[in-house]
There are 2 protein chains.
Amino acid sequence: MNNYKPLIDYINKYITLTSEEINLLEEHTTYRKYLKGQYIVQQGDVCRYESFIVKGCLKTFYMDKDGLEHVVLFGIENWWAADLGSFLTQTPADYNVQCLEHTEVIQFSFDSLELLYQKIPKLERFFRLIIQRAFVTSEKRIIRNFSLSAKERYIEFKNLYPQIEQRVPQYLIASYLGITKEFLSKVRSEIIKEQ
Amino acid sequence: MNNYKPLIDYINKYITLTSEEINLLEEHTTYRKYLKGQYIVQQGDVCRYESFIVKGCLKTFYMDKDGLEHVVLFGIENWWAADLGSFLTQTPADYNVQCLEHTEVIQFSFDSLELLYQKIPKLERFFRLIIQRAFVTSEKRIIRNFSLSAKERYIEFKNLYPQIEQRVPQYLIASYLGITKEFLSKVRSEIIKEQ
C-alpha cells in the first residue's frame, strides 16, 4: 500500500524489512484518518494504539484539575503519538492526544505489536532505537528548562522544530514552554527588534 | 561470578539467558567500584558506559552556569546510571553522575554493548523494555510537576522511593522536587503535625 511508504521508509532507516515482513506489518496495523479536533487518546481512557503520524499535526497535553491545559509535546509527520505508560500497561492514560489538523496515522495495537515482535524480532531493535531517542529528547528538554531562559527556550524551539512553530498557534507554544502567551508575545517582539 | 548475580537476576525477569550468554555478558562488561563522592559521568565528558548499580546510591545532576546543582534523578541497587544521550552519540554529557555512597556497578561500553546485541539479539528486547520503563517514569514525573503541589510531590516521592528518602540528604531531595530546602523542611513539619 502506498499509504505505508512513509512508515516503511522510516523503519528502513534503522533496520531492513523484507517484502514479506512489510506485508505482515500492513496486515497487523490499521490506517486511520482523524479530523481536526478529534482525540487519538483521551485522559482517563486506556491508550489502545501507538500511532505513527503519516500526515498532520497533533498535541499531547495534560488537563489539570482547574481545567488548565499543559502541552507536553507536539507531533508531526514521522513522529509517534501515544501515552506510552498507558499503552504498555493498558491502564488509564494521563495525557490527551488531539489533532490540530486533519491527521492520518498508522496504528499498532498492543496485541498486534506483541505479535509483530514475535514474527519480526528485529522490530525489537527498531523500537529500542526510537524509544532511546524519545527518552534522550525528553532528558534534553529537562536540561533546557534548568539552563535556558524563556527567551532562549523559545529560540531553541524555533530552531529545533521550525515546521511546528509555523503550524501551531502561539498560545500552545507558550504552554509547551511553560510561559504565558503574553510573555511569549513580549519575547517574540524583543527578538524581532533585535534582528 | 557471584558479583554478577544481581544483574543476571534482573535481566532474567525480562528474558532468559543461557549460561553461555551469561559468560559472554561477564566477558564484555566491567565490574567497577567507586568511592563516595567519585563521579561515574562528568558534565562535558563523553559518557563511556551504561552502568548497572549492584550496590550503592548516586545522584544524576546538572550544574547550571551560576554553579547551582539541579538533581534530575537518584539511583540505587538495580537501577541504571548514564547520560544516555551522551552514551548513544558519544558526545559530551549534559549531566553529572556522582556517588553518594561507596558504589559498585557493572559497566557496558558502547562497543561492548553493540557487540552483545549482535551475539545475544534478545538483549534488544531487554533494553527496549527497560528504556520504555525509564521513559514512562520520566513522563509520569512531568505529569506530577503539572498536577501536584510541592507537598503532594514530596509525599509521592516518599511512597515511590522509601529507600532513597532514607539514604539521601534532604537538600538533594528538595533539589529533585524543584523546591528550596527551607520549603521542604516546612512541608515535612506540616506532615508530621498531621500524623
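Our structure's up above, just so we're on the same page.
What you are looking at is a predicted structure, and each value in this text was computed from that prediction instead of being measured.

Participant: With reference to specific residues and values, describe the sheet that holds strand β2 (residues 39-41) of chain A.
Facilitator: Residue and element names in this part refer to chain A. A sheet is described by the order of its strands in space; here four strands give the open sequence β2-β7-β4-β5, paired in antiparallel fashion. Looking at which strands have only one partner, the edges of the open sheet turn out to be β2 and β5 (69-75). When the angles between neighbouring strand axes are averaged without regard to direction, this sheet yields 30°. The pairing of strand β4 (residues 58-63) with strand β7 (residues 96-99) spans four bridges and is classified as antiparallel. By the bridge assignment, Phe61 is partnered in β7 with Asn96. Docked against the sheet, helix α8 (residues 170-177) engages β4 and β5, running at close to 100° with respect to β5.

Participant: Quick rundown of helix α8 (residues 170-177) of chain B? Include the residues and the values.
Facilitator: Judged by how many residues are buried, α8 of chain B sits mostly within the fold: six of eight residues are covered. Residues of α8 of chain B that are buried: Leu172, Ile173, Ala174, Ser175, Tyr176 and Leu177 of chain B.

Participant: Go over the pattern of salt bridges, please, and point to the residues and values.
Facilitator: This model, assessed by the stated rule, comprises 26 salt bridges over all chains. A salt bridge links Arg125 of chain B to Glu114 of chain A; its shortest N-O distance comes to 3.6 Å. Taken together, the residues span two chains, with Arg125 of chain B in helix α5 (residues 122-147) and Glu114 of chain A in helix α4 (residues 110-119). Between Asp9 of chain B and Lys5 of chain B there is a salt bridge, and its shortest N-O distance comes to 2.7 Å. Pair noted here: Asp9 of chain B and Lys5 of chain B are both in helix α1 (residues 5-12), with a separation of four residues, about one helical turn.

Participant: Tell me what's going on with the relation of the copies chain A and chain B, and back it up with residues and numbers.
Facilitator: Placing chain A over chain B gives an RMSD of 0.0 Å and needs a rotation angle of 180°, together with 0.0 Å of translation along the axis. Taken together, the rotation and translation describe the operation of a two-fold axis. No C-alpha of chain A lies nearer the rotation axis than that of Arg128 of chain A, which sits 2.1 Å from it.

Criteria and cut-off values
Residue numbers restart at each chain and count upward from 1, following the sequence in its written direction. Following the order in which they are written, the chains are lettered starting with A and the ligands numbered starting with 1. Two thresholds apply to this predicted model, a pLDDT of at least 70 for residue-level local features and 80 or more for giving and counting side-chain atom pairs, whereas whole-chain, interface and lining totals are computed over all residues. Heavy atoms from the whole structure form the basis of all side-chain values; hydrogens and water molecules are not counted. Two strands make a pair as long as DSSP finds a minimum of two bridges between them. Only DSSP runs of H or I covering at least 4 residues are called helices, and only runs of E covering at least 2 are called strands; the numbering of each starts at the N terminus. Axis angles are defined between N-to-C directions and span 0 to 180 degrees, where every axis is a line fitted to C-alpha atoms and, for a helix, only to the segment in contact. Contacts are assigned to residue pairs that have any heavy atoms within 4.5 Å of one another. Burial here depends on accessible area, computed with a 1.4 Å probe over protein chains only, as a share of the maximum for the residue type. Under 20% is buried, over 50% is exposed, and the range in between is partly exposed. Note on definitions: salt bridges are taken to be side-chain nitrogens of Lys or Arg within 4 Å of carboxyl oxygens of Asp or Glu. Our superposition of the copies is a least-squares fit, built on the C-alpha atoms of residues whose pLDDT is at least 70 in both.

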